[in-house]
Amino acid sequence: MDEPYLAFWRERHLCTLTTLRPDGSPHVVPVGVTYDAEAGLARVITSGTSAKARHVRAAGPEGARVAVCQVDGRRWATLEGRARVRTEPERVAEAVRRYADRYERTPSPNPSRVVIEIEVERTLGHG
């Protein structure tokens, strides 16, 4: 993975997360995403009651197939992989910290916050 691709993931961009509904249709929503290339993880913070969290949980312990994408003009980047909902306080806190770094704002407190962790299996993009 080249440095311009990684730098693009550090810039402040709104992204989309695509999960699958129980009927197999795509559910695409705007989200903030952080990407830790060394760990091979993308993270999305959300409420545990959100549709995206429910879709990921419904896939079971093997995880849900998902994609996150960001676009800026002709540049785009997509991360695909298996997602799992994590509730451990240290994992949620790490995701919030990374979100605050990338998006230059600390999210409002949310006692039902979880993190959707995506084990990245494939990267695509055009810089």
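Under an unreviewed UniProt entry, the protein has the name Pyridoxamine 5'-phosphate oxidase family protein and belongs to Streptomyces cinerochromogenes.

A. Fine view of the overall build of the protein. A count of helical and extended segments in the protein gives three helices and seven strands. In sequence order, the secondary structure elements of the protein are arranged as α-β-β-β-β-α-β-β-α-β. Taken against the 2.2 N^0.38 rule, which gives 14 Å for 127 residues, the C-alpha radius of gyration of the protein at 14 Å falls within 12% of a compact globule. Residues counted as buried form 44% of the 127 residues belonging to the protein.

B. Up close: the UniProt feature "domain: Pyridoxamine 5'-phosphate oxidase N-terminal" (unreviewed entry) in the protein. Cross-referencing UniProt, the feature "domain: Pyridoxamine 5'-phosphate oxidase N-terminal" (unreviewed entry) maps to residues 2-123 in the present numbering. End C-alpha atoms of residues 2-123 are separated by 11 Å, and the span's content is 25% helix alongside 44% strand.

C. Looking closely at the pattern of salt bridges. The final tally for this structure, using the stated rule, is 15 salt bridges. In this structure, glutamate 80 engages arginine 122 in a salt bridge whose closest nitrogen and oxygen atoms are separated by 3.0 Å. Here arginine 122 lies in strand β7 (residues 113-126) and glutamate 80 lies in strand β6 (residues 75-86), a separation of 42 residues in the sequence. When the shortest N-O distance is used, the salt bridge between glutamate 94 and arginine 97 registers 2.7 Å. You can see glutamate 94 and its partner arginine 97 sitting in helix α3 (residues 89-103), three residues apart, about one turn around the helix. A relative accessible area of 39% means that arginine 97 is categorised as partly exposed. One network of salt bridges, in which partners are shared, links Asp36, Arg43, Glu94, Arg97, Arg98 and Asp101.

Criteria and thresholds
- Residues numbered from 1 in each chain as written.
- Predicted model: local features only at pLDDT ≥ 70, side-chain atom pairs only at ≥ 80, totals over all residues.
- Heavy atoms only, no water.
- Helix = DSSP H or I, 4+ residues; strand = E, 2+ residues; numbered from the N terminus.
- Rg over C-alpha atoms; globule rule 2.2 N^0.38 Å.
- Buried < 20%, exposed > 50% of the residue type's maximum accessible area, 1.4 Å probe, protein only.
- UniProt positions renumbered as here; feature names shortened; annotations may be inferred.
- Salt bridge = Lys/Arg side-chain N within 4 Å of Asp/Glu carboxyl O.

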